[in-house]
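# Commentary on secondary and tertiary structure
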Amino acid sequence: MKPSLVQKSNTVVTIGTFDGVHIGHQKIIQRLIEVAKNKGLTSTILTFFPHPRMILQKDADIKLINTLEEKEQVLKHFGLENLVVKKFTKEFSRLSAQEFVEKILVKQLKAKHVIIGYDHHFGRNRSANIEDLKSFGAQYNFEVEEITAQDINDVSVSSTKIRTALLEGDIKTANSYLGYTFIISGIVEKGRGIGRTIGFPTANIAIKEHYKLIPKQGVYVIKSVIDNETIYGMMNIGTNPTLSGVTETIEVNLFDFEANLYNKKITIELLERLRDEVKFESVDALKQQLTKDKNNALQFINSDAK
């Protein structure tokens, strides 16, 4: 994908946060790609980072389904040619609607076709709507296509439901709305090494993006692709209370895998949630439960995941 804001070829553009790139978004992306092919344009999504709410509302607690890197990875999978990330600042938010259209859509993105929702507002104080955009289209020579109210509702409802499902640990529902498995990406760093001593060595995943939504604490069935090989395992999100842990960690036990992953970036797909995190009476009781967890994970993998 081309990272540049300034485009060399004419584009078909849609605008939005596209957090999750879920089944609602995928309808819009399919239409974007269809128009691009039919008209010989480059399919382009214009998105903003940081999230506007982080800047305008100082909503530091906002959590997103995808990091920017994850979003690009998923969009590429669905065939998008170009993801353009515009840095969102207070200064940018003060651009008038005409300045936004002229400077960003026309001069920088070379937009010839813009796909937008009926309720989309833009420009300073979000004062302009789709009718204004159509007027600008006539002035600057680009077409405007309206996304139906039904598709817009699919987009907004799905995002909300996905976040809620993840926070409740309902990974099955979240994945059904995403249309793919929810992912966590991070760097493997050294942990306390206790897992290895009890027969369940773990890779500790450090996520640098503070805005990434982390699902409810508990034990999950996961898979990862490492060196082009699909590896299954289980993951614990929590504080490891049996082992006197305090801070939340994300620890992955990969089945039948021995390679050193320290300082490598890996992507974990969450397939199913097995149970809540529990404080056990002893390390032996924890080991017995981890053995049960592994058996349950393998049963799930053999029956449902392949």
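The model shown is predicted, which means the values in this text are computed figures rather than measured ones. By convention here, each chain's residues receive numbers from 1 onward along its written sequence. Totals for whole chains, interfaces and linings use every residue, but because this is a predicted model, local features are given only for residues with pLDDT of at least 70 and side-chain atom pairs only at 80 or more, for both listing and counting. Heavy atoms from the whole structure form the basis of all side-chain values; hydrogens and water molecules are not counted.

Strand pairing is assigned whenever DSSP detects at least two bridges linking the two strands. Numbering goes from the N terminus for both helices and strands, where a helix is a DSSP run of H or I of at least four residues and a strand is a run of E of at least two. Read from one edge of the open sheet, five strands run β3-β2-β1-β4-β5, paired in parallel fashion. The outermost strands of the open sheet, each flanked by one partner alone, are β3 (82-87) and β5 (143-147). Strand-to-strand, the axes of this sheet are offset by a mean angle of 25°, without reference to chain direction. In this sheet, strand β2 (residues 42-49) lies alongside strand β1 (residues 11-15) in parallel orientation, the contact comprising five bridges. Each bridged residue has a counterpart across the sheet, and for T11 the counterpart in β2 is T42. Interaxial angles span 0 to 180 degrees and are taken between N-to-C directions of axes, which are lines fitted to C-alpha atoms, for helices over the stretch in contact.

Put simply, the largest pocket is a space of about 1200 Å³. In this structure, the largest pocket is lined by 40 residues; those nearest its centre are G16, T17, H120, H121 and R126. Elements that contribute at least two residues to the lining of the largest pocket include exactly β1, α1 (23-39), α2 (52-56), α4 (90-93), β4 (111-117) and α7 (149-167). Per-element tally for the lining of the largest pocket: the top contributor is α7, with six residues. Classes in brief: Ala, Val, Leu, Ile, Met, Phe, Trp, Tyr, Cys and Pro nonpolar; Asp, Glu, Lys and Arg charged; the others, Gly included, polar. Per-class residue counts for the lining of the largest pocket are 18 nonpolar, 15 polar and seven charged. The way it works is a 1 Å grid over only the protein atoms, where trapped points that fit a 1.4 Å probe form a cavity and open points with protein on both sides within 12 Å along at least five of seven lines form a pocket, and then any residue with an atom within 4 Å of a point lines it. Grid points are joined across faces, edges and corners, and a volume is the space filled by probe spheres set on the points. Taken as a whole, the second largest pocket spans an internal volume of roughly 930 Å³. Forming the walls of the second largest pocket are 49 residues, and the residues nearest its centre are F200, P201, T202, A203 and E251.

Interpretation in functional terms is not warranted from these geometric data alone.
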